[in-house]
Amino acid sequence: MKLLIIRHADPDYSIDSLTPKGWKEAELLAKRIAPLPVAAYYVSPLGRARDTAGCTLKLAGRTAVECEWLREFGPPVQRPDLPEGERHCAWDWLPADWLSRPAMLDRDRWMEDPCFVDAGVGE
């Protein structure tokens, strides 16, 4: 089984939809995803997610199951270097360049990257 997770295209948060650039991104994504043999589609109830998925769903002639639990959330984590009780979202403390690091380009090496090891994730 393969699981493909796609984040919404460029958002316009003020209207909970997409920017013109986001609509173009969603259309380009649809051309890549719609031909794939996907067993099921699931989507967040947020407008920007539904709009992004909508392009693929329309092109594929499919529907998606809307799942409330796919809505954005900020899971609080306790960082060991912060005072007791001060919590942050995990992505708040990853280095700004973490996606461009060599280990991030090779998914088999993700847990070797210091941004995960330092956080205790890769141990």
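In what follows, the accompanying structure is described. Worth saying up front: this structure is predicted, and the values here are computed from it rather than measured. Position labels on residues start from 1 in each chain and follow its written sequence. Restriction of local features to residues with pLDDT of at least 70 applies here, the model being predicted, together with a cutoff of 80 or more for giving and counting side-chain atom pairs; totals for whole chains, interfaces and linings are based on all residues. The basis for the side-chain values is all heavy atoms of the structure; hydrogens and waters are excluded.

### Observations concerning the nonpolar core
Residues enter a nonpolar core if they are buried and are Ala, Val, Leu, Ile, Met, Phe, Trp, Tyr or Cys, with the set joined through side-chain atoms within 4.5 Å. Buried, partly exposed and exposed residues are distinguished by accessible area as a fraction of the type maximum, computed with a 1.4 Å probe on protein chains only: under 20%, between the cut-offs, and over 50%, respectively. Membership of the largest hydrophobic core is limited to 6 residues, which are Ile33, Tyr41, Val43, Ala49, Ala53 and Leu57. Helix numbering and strand numbering both begin at the N terminus, where a helix is a DSSP run of H or I of at least 4 residues and a strand a DSSP run of E of at least 2. If one sorts the elements of this core by residue count, helix H2 (residues 47-60) sits on top with 3 residues. Any two residues whose heavy atoms approach within 4.5 Å at even a single point are treated as in contact. Excluding residues that lie within four positions of it along the chain, tyrosine 41 makes contacts with Ile33, Ala34, Thr56, Leu57, Ala60, Arg62, Thr63, Ala64 and Val65. Counting residues in hydrophobic clusters, the runner-up holds 5 residues, among them Leu18, Ala26, Ala30 and Cys55.

### Observations concerning the packing of helix H1 (residues 20-33) against H2
Axis definition: a line fitted to C-alpha atoms, over the contacting stretch in the case of helices. Angles run 0 to 180 degrees between N-to-C directions. One can describe the packing of H1 onto H2 by two numbers: an axis separation of 8 Å at closest approach and a directional angle of 40°. Viewed along their axes, H1 and H2 adopt a mutual orientation that is oblique. Relative to H2, H1 is oriented so that their crossing is right-handed. Of the residues in H2, those in contact with Trp23, Ala26, Glu27, Leu29, Ala30, Lys31 and Ile33 of H1 are Asp51, Thr52, Cys55, Thr56 and Leu59. Gly is put with the polar residues, along with every residue not named as nonpolar or charged; the nonpolar set is Ala, Val, Leu, Ile, Met, Phe, Trp, Tyr, Cys and Pro, and the charged set is Asp, Glu, Lys and Arg. In terms of residue class, the contact of H1 with H2 is made up of 7 nonpolar, 2 polar and 3 charged. Each angle receives one of four descriptions, namely roughly parallel if under 35 degrees, roughly antiparallel if over 145, roughly perpendicular if within 65 to 115, and oblique otherwise. Each crossing gets its handedness from the near helix: less than a right angle anticlockwise from the far helix is left-handed, clockwise is right-handed.

These results come straight from atomic positions and should not be treated as a statement about function.
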